[in-house]
Amino acid sequence: MTEKTKGGAGKTAETEIKRGIDTRQRMINLLLENFPIVGLALVLIFFGIVTKGQLFTPYNIKTMYSQMFLYLLGGLGCLYLFAQGGIDLSMASNIGCAAIIGVQVMKVNIVLGILVTFLVAMAIGLVMGLLYAYSGIPVFILGLAMNFLLAGLLWPLCFGQSSIATPLALTALKSNTSELIIAAVCIMITLVIYNHTRFGKECRAMGAGITSAVQSGVNIERNKILAFVITGFTCGLVEVLTLIRTGAGSQTTGASFNFNVMISLVLGGCVMSGGDGVKVRNAIVGAIILIVLQNGLSVWGANIRVQDIVKGVMFVVMIVVTTKLNARVRK
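Residues numbered from 1 in each chain as written. Predicted model: local features only at pLDDT ≥ 70, side-chain atom pairs only at ≥ 80, totals over all residues. Heavy atoms only, no water.

## Section: a nonpolar patch on the surface
Next up, step 1: Residues I181, V185, M188, I189, V192 and I193 make up a contiguous nonpolar surface patch of roughly 510 Å² in combined accessible area.
Next up, step 2: Tracing the backbone through its elements, the reader meets I181 in helix α8 (residues 176-196). (Patch = residues over 30% accessible without salt bridge, like charges linked within 9 Å, V, L, I, M, F, W, Y side chains within 5 Å. Areas by Shrake-Rupley, 256 points an atom, 1.4 Å probe, with all protein chains shown as cover. Salt bridge = Lys/Arg side-chain N within 4 Å of Asp/Glu carboxyl O. Helix = DSSP H or I, 4+ residues; strand = E, 2+ residues; numbered from the N terminus.)

Right, here's the structure in full:
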């Protein structure tokens, strides 16, 4: 056999090996990227078995959707900030403040009250964005501090009342069909902005590496501010829908919403460090997993403390798993 023939055979074998490795890697990447969906399927199967099918009764499915809806909206709104490697922990108190102020104005004019609710929530988001962009305070600490600050204002804003009722004309707007339309529209808008605009791509670039993003000409400060304004708008939307559902604003409105949104995003497969490991489908799948988990445990007979323990354990496990799996996915 000539040297040329040997060389050709060697290259062919090397090509075949490389092709096999690439195929295997693509299969691994496919599995890892769809890990949250696999996890959702397993959760559904598990609770379907242990609850003897009670989880999937029409009433329970309707209840789960009702609970999931607001967390889905919250997750979609937080996606841009999460892609940057941050999270808005002031959302709970933001919702509470916007609710109380908005309800007061709604007594005079409902349309004006809804507008004020959005403006208050977005103004808080703007302040958070400015502080995040220019103060140098870590976003996690900033969110906690603002959440505590706003929480301290809730009692004075309520003027000592436990709750403030909304006008009956507002609660008359409650409609499952309207909520489905709102959810579909929010998902479509997020898909377009997050996946196909410069802003969405720059948010992911910031999460992948702030230094390289700056060197690529990304306006870091603008994107940080805009991401928080979007979460503020989301808080306003969530609050208006909550007021329509509950018919009252109180100090407990929006309680724990920030942490539940963060948990749902992580359960959906979002990587805490941001970047390309944050996708729109993560917000959708995560909201479903969170509610199925909570509802399944409740139907199974677990008390609220057990539910908190399970959520906490799942949260930590998913952070580790998504971080490890994301590192193994070869782009």
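## Points about helix α3 (residues 58-83)
Next up, step 1: For α3, spanning 26 residues, the distance from its first C-alpha to its last is 36 Å, which sits close to the expected 38 Å at 1.5 Å a residue.
Next up, step 2: Following α3 by one or two positions, G85 has its phi on the positive side, about 95°. (Expected span 1.5 Å × (residues − 1).)

## Quick look at the pattern of salt bridges
Next up, step 1: For the structure shown, the criterion picks out four salt bridges.
Next up, step 2: Across the salt bridge formed by E202 and R198, the nearest N and O atoms sit 2.6 Å from each other. Of this pair, E202 and R198 both sit in helix α9 (residues 198-208), four residues apart, which is roughly one turn of the helix.
Next up, step 3: The exposure class assigned to E202 is buried, which follows from its relative accessible area of 7%.
Next up, step 4: Between R222 and E202 there is a salt bridge whose closest N-O contact spans 2.9 Å. Placement of R222 in helix α11 (residues 220-246) and of E202 in helix α9 is noted, with a sequence separation of 20 residues between them.
Next up, step 5: On the accessibility criterion, R222 (40% relative accessible area) is partly exposed. (Buried < 20%, exposed > 50% of the residue type's maximum accessible area, 1.4 Å probe, protein only.)

## What to know about the side chain of N94
Next up, step 1: Counting through the fold element by element, N94 comes out in helix α4 (residues 91-106).
Next up, step 2: If we ignore the near neighbours within four places in the chain, the residues touching N94 are A121, I124, G125, L150, G232 and C235. (Contact = heavy atoms within 4.5 Å.)

## A look at α9
Next up, step 1: Within α9, the full set of buried residues consists of F199, G200, E202, C203, R204, M206 and G207.
Next up, step 2: Where α9 is buried, its residues touch α3, α8, α10 (210-215) and α11.

## Observations concerning the side chain of T117
Next up, step 1: Structurally, T117 can be placed in helix α5 (residues 110-134).
Next up, step 2: When neighbours within four sequence positions are excluded, T117 is seen to be in contact with A98, G102, M106, G236, E239 and V240.

## Here we look at the nonpolar core
Next up, step 1: Counting 80 residues, the largest nonpolar core has L79, F82, F257 and L265 as its most contacted members.
Next up, step 2: Considering every element that reaches this core, the biggest residue donor is α3, with 14 residues. (Core = buried A, V, L, I, M, F, W, Y, C linked by side-chain atoms within 4.5 Å.)

## A look at the packing of α3 against helix α13 (residues 280-300)
Next up, step 1: Orientation of α3 relative to α13, taken along the N-to-C sense of each, is 145°, at an axis distance of 8 Å. Crossing of α3 over α13 shows right-handed handedness. Residue-level inspection shows N60, T63, M64, Q67, M68, Y71, L72, G75, L76 and L79 of α3 in contact with α13, the latter providing V280, A283, I284, A287, I288, L290, I291, V292, N295 and V299.
Next up, step 2: Across the contact of α3 with α13, the residue classes break down as 15 nonpolar, five polar and no charged. (Axes fitted to C-alpha atoms, helices over the stretch in contact; angles between N-to-C directions. Left-handed = near helix turned anticlockwise from the far one by under 90°. Nonpolar A, V, L, I, M, F, W, Y, C, P; charged D, E, K, R; others polar.)

## What about the packing of α5 against α11?
Next up, step 1: At their nearest, the axes of α5 and α11 sit 7 Å apart, and the two run at 150° to each other. It follows that α5 is roughly antiparallel to α11 by the angle criterion. At the point where α5 passes α11, the crossing takes the right-handed sense.
Next up, step 2: Across the contact of α5 with α11, the residue classes break down as 17 nonpolar, five polar and three charged. (Parallel < 35°, antiparallel > 145°, perpendicular 65-115°, else oblique.)

## Overview of the environment of I230
Next up, step 1: Mapped onto the secondary structure, I230 falls in helix α11.
Next up, step 2: On the accessibility criterion, I230 (22% relative accessible area) is partly exposed.
Next up, step 3: Along the backbone, I230 and M122 are 108 residues apart, and their C-alpha atoms lie at a distance of 7.5 Å.
Next up, step 4: Among residues more than four places away in sequence, those in contact with I230 are G77, Y80 and F199.

## Observations regarding unusual backbone geometry
Next up, step 1: Here the phi dihedral of K52 falls at roughly 55°; this positive angle occurs in a residue that is not glycine.
Next up, step 2: Given a relative accessible area of 76%, K52 falls into the exposed group.
Next up, step 3: If you check the backbone angles, S256 has positive phi at about 65° while not being a glycine.
Next up, step 4: In this structure, S256 sits in the loop between β2 (248-250) and α12 (257-267).

## Digging into the packing of aromatic side chains
Next up, step 1: The final tally for this structure, using the stated rule, is nine aromatic pairs.
Next up, step 2: On the basis of an interplanar angle of 80° and a centroid distance of 5.1 Å, the ring pair of F46 and F47 is categorised as edge-to-face.
Next up, step 3: F47 gets classed as buried once you look at its relative accessible area, which sits at 4%.
Next up, step 4: What links up through ring pairs into an aromatic cluster is the set F46, F47 and W300.
Next up, step 5: Taking NZ or CZ as reference, R204 lies 5.0 Å from the ring centre of Y194, over its face.
Next up, step 6: Over the ring of Y132 we find K224; its NZ or CZ atom is 4.6 Å from the centre of that ring. (Phe/Tyr/Trp six-rings, centres within 6.5 Å; stacked < 30°, edge-to-face > 60°. Lys NZ or Arg CZ within 6 Å of the ring centre and 35° of its normal.)

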